[in-house]
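Chain residues, written in single-letter form:
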Amino acid sequence: MTTFILFSTLFVLFVINMPIALAIGLASLVTLLFLGDFSLMMVIQRLYAGTDSFPLMAVPLFMFAGALMEHGGISSRIVRLAECLVGWMPGGLAAVSIVSAMFFAGISGSAAADTAAVGAILIPSMIKRGYEPGFAGAVQAAGGSTGVIIPPSIPMIIFGFLTGASVGKLFAAGILPGLLIGISLIAVSTILSAKNKYGKIESFSLRRLKGSLWEAKWALGAPVVILGGILGGIFTATESAAAATLYALAVGLMVHRQLSLRELPNIFVRASITSSVILFIIATASVFSWIMAIEDIPGRIAANFLTLSDNPGILLMLINIMLLIAGVFLETTAALILLTPILVNVLPSLGVDIIQLGVIVVTNLAIGMLTPPLGICLIVSSGIAGCRMEDMVHRILPMLLILLVDLMIITYWPPLTLFFPDLLNY
Amino acid sequence: KTTIRLGLVTIPGSAQNICAEKFKELLEARSDDYEVKIHHSASLGSETEILQQIQMNTVQMGIITDGPFDVFLPEVRVINYPFLFGSYRQVDEVLDGPVGQELLQRLEKVGFKGLAFSENGFRHLTNNKRPVHTVDDVSGLKIRVMESVLHKELWRMLGANPTPMGWPIYTELQQGTIDGQENPLSVIWTYKLSEVQKYLALTGHVYSAHIDVANLQWFEGLPGKDQDLIRQCMIEAARYQRAWNRDNEAAFLDGLKQAGMQVDEQPDLAAFRSKVANIRQLEIYQGPATRQLLQKFLEAAGQ
Amino acid sequence: MNSGLSRHIQGIHLASDWANRVTEILLFIIGLNMALIIGAQVFSRYVLNHSLFWSDEVGRICLVWISFLGASAAYKRHAHIGVDFLVARLSYHLRIRFAVFGVLLSLLFFAVLVLYGIIFALFISGQKTAALGLPLSLTYSAIPLSGMLFSLHAVSHLCRLLGLREGSP
Ligand code: NA
Ligand code: NA
């Protein structure tokens, strides 16, 4: 009965377009009132506990770093480097947009930030060169989704926070899957561009590549600071996020000189607000999770789930299906918080490492960022491209198909995720 | 049937869980009126938050490390007074004796019914830099400590660089973000810290207990015979758990040695003690109630 | 609408705008400080070989305040994400009605934040943070305070929505 009230209230509130965080909070409130055993002070305690966390500090800090990099002239240099790297291919600009997004993914932890930063430059130039707007937006959204797989990654930080798995390990595990996804997306976009006769932008020149690489050296220094610092044992993931923020501040103000002190408040405020949208969901969802825990709901759902099969391969497939469906309708953070406790309960029956499970979960949810009705990358890129999300669906479909193939590889071939964590003897 | 919700933060197999499961088994075997529901692995929140939930009667009982009680009743910290107890026999004498019972009694002021003490045990130092025999070997080590003024000051006095950090710390130890940590053998063993720590010194610098508590109002609202039954079951569970911990320590130590840890079983503790002799002067021990109880504890422990 | 009422409504909008401006200044200050504090922690640990005891705790308090103050600013800017594909298919008037209903429900939640936020702060009065010994009631006051900001913005949204209902698309 409790389960029914909790989930049906949540569903109704979602459908009438309540903000997700408030819908989760209100559904929890209604359930607490129904149960009647518990003081409403619990709402306050759990809201606070949800955000009172050292690992979660990395969420706003990576947002700050990403925003400072974008405004400090990093994105334009990264785009230039990507042009010199892959601009000679058929459909050069589409490949450029994916490669730029992959580079930017090494700085930002958020797919939406990634799509916005790179898309703001590349979607208009693709449209200017005769790319169909829906296609331009779809390519950029798909590229942006690598933002949460190539480290750093906010969903991985949240997964680590929920399960206690090492965020550093999760980051390391995302490197190869991120490259796989990026390369397969380039392949698909190149084939589609060739079919539509979208041409190259310039021919390859080693001299230009070297020049742009030199120009982008400070930009590329950011992923070095972030990953090198974590893997080299200099700091924790949260500390690396603070280091990245201060690095971005220094580069923008003193090296590129494209950042002025006057704009700082605005940049920080916008990044704080974007983070708060995520953090407020985490806060209200921790009231929700507390109710689930005290009523033992994840345990019971997991037990029912395990009666479906005892074959780890089939269970993994079912989990992928469940996560993909969740990703279609739910916002990433909410999906993570609602489903991770259940997954942790079934983990022993899956025969996979928790780190690999983390990458599987995040990949599924990254695919969800590309599907309406709630696909954050699609929302951002359709805004820039000036077309409706519905009109982009058939354009995004080929990319979704190749992402599903990648997902299967990530799910059933553990070395891909575990190579780096194992190599580093983490 | 009345459901008793019992909260703890550790994973199955840990010291707290042994005590909780024994309590459930005893109570459910002896009475048909109660069902004990154990919420473990911090699914309800941190230890401080579970204590608040017990105060709200959202959760009825808890098996909680002594540290977090500090916030509610400062004098609980006397249990953690460095080098207070010389042996487990002495621990039992003091905690099961009148001063231990007085401490449990005092918890009633803040809404808890103190039922019994179970334990984590004596805390020992591990690190990755060098063997620790004398106190000088501690100098400059980056030691992870719990977020507690006592532990910070203790390690500062011993010459280390105490670094407060949440748990777990496996990755940080392996990466070398910190050099060492301090915990009872059961924790070092359960969390496989031998994989990332080379040296262990049996410093036993602080004894760490759990206090097994219930919501006072809820408890006093129960029929008298049920109160006695619950109390009796918890006392037996705590005794069982303490015996379990002590029986297993030798095995944990052997296991850690076999995993390659270099163990100093008899570090020069006199030097450690003299370095922290002034810890009584710390502000945290200056409250009148704390000072008075500390005096009683020191006397009971023969110091 | 009589002019007295519309002056009151104008006052609410003004108060909401003003409160949000102060909130945003605080967000900048707290956010920048959080980055600096964590940066200082790394510097202190490696260069000075002396770990800061308070940096973790202060950082976490900054995070809590950013989360709740920022959430109220996001509410002011309509930045919280929702699922609008069903509502988007409804008629204009029905859509406004759902929006009004949503704001009223939200006000219920915000009232709990304010009321129980204060009750909880009283409940834990006397409890202190582990490192610096700051009163927990103070750190927890982020919740009732943001509850008040949320409520103010909600009433301002509500006035705007009711104004729209009288007009036409
Ligand atoms: Na990323
Ligand atoms: Na979606």
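Presented here is an overview of the structure given in this document. (Residues numbered from 1 in each chain as written. Chains lettered and ligands numbered in written order. Predicted model: local features only at pLDDT ≥ 70, side-chain atom pairs only at ≥ 80, totals over all residues. Heavy atoms only, no water.)

Further remarks concern the environment of A303 of chain A. The topology assignment puts A303 of chain A in helix α15 (residues 297-306). Counting along the chain gives 82 residues from A303 of chain A to A385 of chain A, while the straight-line C-alpha distance between them is 45 Å. (Helix = DSSP H or I, 4+ residues; strand = E, 2+ residues; numbered from the N terminus.)

On the side of chain B, 19 residues touch chain A, which itself brings 21 residues to the contact. Across the chain A to chain B interface the summed buried area is about 1,600 Å²; carbon plus sulfur atoms make up 53%. Remark: the boundary between chain A and chain B carries two salt bridges. As a salt-bridge pair, E295 of chain A and R5 of chain B come within 3.8 Å of each other at their nearest N and O atoms. Linking chain A with chain B are nine residue pairs in polar contact (both at pLDDT 80 or more). When residues of the side of chain A that touches chain B are traced back to their parent elements, those giving at least two are α3 (41-51) and α14 (264-294) of chain A. By residue number, the principal contributor to the side of chain A that touches chain B is α3 of chain A, which donates five residues. Here the side of chain A that touches chain B is built from residues that sort into eleven nonpolar, eight polar and two charged. (Contact = heavy atoms within 4.5 Å. Buried area = accessible area lost by both parts, 1.4 Å probe. Salt bridge = Lys/Arg side-chain N within 4 Å of Asp/Glu carboxyl O. Polar contact = N/O pair within 3.5 Å; in protein donor to acceptor, adjacent residues only side chain to side chain. Nonpolar A, V, L, I, M, F, W, Y, C, P; charged D, E, K, R; others polar.)

Turning our eyes to something else, we now look at a nonpolar patch on the surface. Residues I234 of chain A together with F43, Y46, V47 and L48 of chain C make up a contiguous nonpolar surface patch of roughly 480 Å² in combined accessible area. Tracing the sequence through the fold places I234 of chain A in the loop between α12 (217-231) and α13 (237-255). (Patch = residues over 30% accessible without salt bridge, like charges linked within 9 Å, V, L, I, M, F, W, Y side chains within 5 Å. Areas by Shrake-Rupley, 256 points an atom, 1.4 Å probe, with all protein chains shown as cover.)

Moving on, we get to the interface of chain A and chain C. With 56 residues of chain A at the contact, the number on the chain C side is 58 residues. In total, chain A and chain C occlude about 5,100 Å² of area from one another, counting both sides; carbon and sulfur atoms represent 81% of this. When residues of chain A are sorted by the area they lose upon contact with chain C, M41, I44 and Y48 of chain A head the list and together hold 14% of the total. Between the two partners, chain A and chain C, sit two salt bridges. Between R60 of chain C and D52 of chain A there is a salt bridge whose closest N-O contact spans 2.8 Å. Taken together, the links from chain A to chain C amount to five residue pairs in polar contact (both at pLDDT 80 or more). Elements that contribute at least two residues to the side of chain A that touches chain C include exactly α1 (2-15), α2 (20-35), α3, α4 (58-71), α13 and α14 of chain A. Looking at the side of chain A that touches chain C, its residues break down into 40 nonpolar, eleven polar and five charged.

Turning next to the coordination of the sodium ion (ligand 1). Residues and elements named next belong to chain A. Those protein atoms acting as donors to the sodium ion (ligand 1) are A105 (O), S108 (O), G147 (O), I150 (O) and P152 (O), and they sit at 2.2 to 2.5 Å. Between consecutive donor residues of the sodium ion (ligand 1), the sequence gaps follow A-x2-S-x38-G-x2-I-x1-P. Placement of A105 in helix α6 (residues 92-105) and of I150 in the loop between α8 (133-144) and α9 (154-163) is noted, with a sequence separation of 45 residues between them. (Donors = N, O, S within 2.8 Å, 3.2 Å for Na, K, Ca; no water.)

We now examine the sheet that holds strand β5 (residues 124-127) of chain B. Residues and elements named next belong to chain B. Strand order in the open sheet formed by six strands is β7-β6-β8-β5-β9-β11, with mixed pairing between adjacent strands. With partners counted over all chains shown, the strands left at the sheet margins are β7 (161-164) and β11 (262-264), one partner each. Each strand of the sheet is rotated relative to its neighbour by a mean of 25°, with strand direction disregarded. The pairing of strand β6 (residues 142-145) with β7 spans four bridges and is parallel. What sits directly across from R144, in β7, is T163. (Pairing = 2+ DSSP bridges. Axes fitted to C-alpha atoms, helices over the stretch in contact; angles between N-to-C directions.)

With that settled, consider the pairing of β6 of chain B. Here β6 of chain B shows a buried face lined by K142 and R144 of chain B and a second buried face lined by I143 and V145 of chain B. Running through helix α5 (residues 149-157) of chain B, the crossover from β6 of chain B to the neighbouring parallel element β7 of chain B is right-handed. (Buried < 20%, exposed > 50% of the residue type's maximum accessible area, 1.4 Å probe, protein only. Right-handed = clockwise from strand over helix to strand, strands pointing away.)

Backbone hydrogen bonds hold the strands of a sheet together, and the pairing may be parallel or antiparallel. All names here are of chain B. Spatial strand order, β2-β1-β3-β10-β4: five strands in an open sheet with mixed pairing. Either end of the sheet is taken by a strand with one partner, and the two such strands are β2 (34-39) and β4 (112-122). Each adjacent strand pair in this sheet contributes to an overall mean axis angle of 20°, direction not counted. Pairing of strand β1 (residues 2-7) with strand β3 (residues 61-65), which is carried by two bridges, proceeds in the parallel orientation.

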